[in-house]
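Listed below, chain by chain, are the residues.
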Amino acid sequence: NGSNSPFIKIPITDDAARRSYSGVVELPALGVGETSYRIWALDKDGVFLGDGYKRITVNVLSDYRHLPNRKLLLPDTIGKVLNCYLSLSKGATYSYTTGAAHAADIDLGVYRIPVYGPTGDLIGHTYNLYSLSASPVPFLPYDVSGWTKRKTLFSAPVKGSANTFRDLFITGMAIEKEAKKKTIDLTQTTNGLASNDFIFFLTPEGKYGVLIINAFAEDYEGKPFINMSVKIQQ
């Protein structure tokens, strides 16, 4: 595997197998992608006898997709051009203006609600996400009554961490195992989202996934957005 000397040596102790040998060698996958191996013969003194110019290439395909740092802007009610919808399968974001043509791919939207203090002053916002199949759709300024409504379901938010998101959800099966520990039956969150929240989800195709809320921030134009990362089964 890219080295000048073999990292696995198989001694041939049966003289009858010296010129014709077969066997099974199990190797761990060295990450996603292609890894190439050579197999060559050595004599009893360790002298290279040749490899017939053969190379075996193993291509490891991941059973999940990672969509890092997806930026969802909070919806605007005038231009309606800010990307507040996300397709989990395509990793693409859409606005109300572009979303109608892609509604069959949209898994979630985001919105926020102002929070006022006792004296009526604005003290913050509560952020939530929802499926277009929510009834009623919680963000009323956008009329999506004629849109295709993809029924992706969510769990209630649970506290996580970036390290756990990185280290625990490393295969599609690991994602599914953790997701099945949660109740995934919501079409929207209602109690607000916070940084490092995990939300598990199930798509209409039966694919499990998890997203983490990375941050709430504003871009250079002062437009508020939610940054999230997603892992979903292939």
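Quick caveat, the model's predicted, so the values are computed rather than measured.

Undergrad: Describe in detail the overall build of the protein chain, supporting the description with residues and values.
TA: Along the protein chain, the regular secondary structure elements total three helices and 15 strands. Compactness check: the protein chain gives a C-alpha radius of gyration of 26 Å against a globular reference of 17 Å for 234 residues, more than 25% above the reference. Dimensions of the protein chain along its principal axes, counting C-alpha atoms only, are 90 × 35 × 35 Å. For the protein chain, with 234 residues in total, the buried portion stands at 36%. Put simply, of all contacts in the protein chain between residues at least 6 apart along the chain, 55% involve residues at least 24 apart.

Undergrad: Got a sec to walk through the sheet that holds strand β7 (residues 93–94)? Specific residues and values, please.
TA: Read across the open sheet, the four strands follow the order β7-β6-β8-β9; overall the sheet is antiparallel. Each of the sheet's edge strands pairs with one partner strand only, and the pair in question is β7 and β9 (122–130). With two bridges joining them, strand β6 (residues 85–86) and β7 adopt antiparallel strand pairing. When the sheet's bridge partners are listed, Leu86 is paired in β7 with Thr93.

Undergrad: If you had to explain the pattern of salt bridges to someone new, which residues and values would you point to?
TA: Taken as a whole and judged by the stated rule, the model has nine salt bridges. Between Arg150 and Glu205 there is a salt bridge; the shortest N-O distance is 2.6 Å. Within this pair, whereas Arg150 is found in the loop between β9 and β10 (153–155), its partner Glu205 is found in the loop between β13 (197–202) and β14 (208–218), the two being separated by 55 residues in sequence. We note a salt bridge from Glu178 to Lys181, for which the minimum N-O separation is 3.1 Å.

Undergrad: Describe the side chain of Thr203, with residues and values.
TA: With respect to the secondary-structure elements, Thr203 resides in the loop between β13 and β14. Judged by its relative accessible area of 5%, Thr203 is buried. Setting aside anything within four residues of it in sequence, one finds Thr203 in contact with Asp107, Arg150, Thr152 and Ile232.

Undergrad: Would you mind going over the nonpolar core in detail, with residue names and values included?
TA: Within the largest apolar cluster, 33 residues are counted, with the highest numbers of intra-cluster contacts made by Tyr85, Leu108, Val110, Trp147, Leu211 and Met228. Elements represented by at least two residues in this core include exactly β5 (64–73), β6, β8 (108–116), β9, β13, β14 and β15 (224–233). Tallying contributions element by element places β15 first for this core, with four residues. Phe165, Phe198, Phe200 and Val210 belong to the second-largest nonpolar core, a separate cluster that totals twelve residues.

Undergrad: Can you tell me about helix α3 (residues 172–179), naming the residues and giving the values?
TA: For α3, the buried fraction is high: six of the eight residues fall into the buried class. Taken together, the buried positions of α3 are occupied by Gly172, Ala174, Ile175, Glu176, Glu178 and Ala179.

Undergrad: Hey, could you go over the packing of aromatic side chains for me, with residue numbers and the actual values?
TA: Under the defined criterion, the tally for this structure stands at 14 aromatic pairs. For the pair Trp40 and Phe48, a centre-to-centre distance of 5.8 Å together with 90 degrees between the ring planes defines the contact as edge-to-face. Exposure remark for Trp40: the relative accessible area of 22% places this residue in the partly exposed category. Exposure remark for Phe48: the relative accessible area of 45% places this residue in the partly exposed category. Aromatic pair Phe139 and Tyr142: ring centres 4.9 Å apart, planes at 85 degrees, arrangement edge-to-face. On the basis of relative accessibility, which here comes to 4%, the residue Tyr142 falls in the buried class. Geometry around Phe225 places Lys71 over its ring, the cationic atom sitting 4.8 Å from the centre. A cation over a ring is seen here: Lys231 above Phe165, with NZ or CZ 4.9 Å from the ring centre.

So, how was this worked out
Along each chain, residues carry numbers from 1 onward, in the same order as the chain's sequence is written. Where totals are concerned, whole chains, interfaces and linings use all residues; where local detail is concerned, this predicted model gives features only for residues with pLDDT of at least 70, and gives and counts side-chain atom pairs only at 80 or more. In computing side-chain values, all of the structure's heavy atoms are included and hydrogens and water are not. In this description a helix means any DSSP run of H or I spanning at least four residues, a strand means any run of E spanning at least two, and both kinds are numbered starting from the N terminus. Only the C-alpha atoms count toward the radius of gyration. The rule for a globule is 2.2 Å times the residue count to the power 0.38. Partly exposed residues are those whose accessible area sits between 20% and 50% of the maximum for their type, while under 20% is buried and over 50% is exposed, using a 1.4 Å probe and protein chains only. Residues are treated as being in contact if the distance between any of their heavy atoms lies within 4.5 Å. At least two bridges found by DSSP between two strands is the condition for calling them paired. Salt bridges are identified by distance alone: a Lys or Arg side-chain nitrogen within 4 Å of an Asp or Glu carboxyl oxygen. Definition used in this section: a nonpolar core is a set of buried Ala, Val, Leu, Ile, Met, Phe, Trp, Tyr and Cys residues joined via side-chain atoms within 4.5 Å. The rule is short: rings of Phe, Tyr and Trp, with Trp giving its six-membered ring, pair when the centres are within 6.5 Å, and they are stacked under 30 degrees, edge-to-face over 60, tilted in between. The rule for a charge over a ring is simple: NZ of Lys or CZ of Arg within 6 Å of the ring centre, and within 35 degrees of the ring normal.

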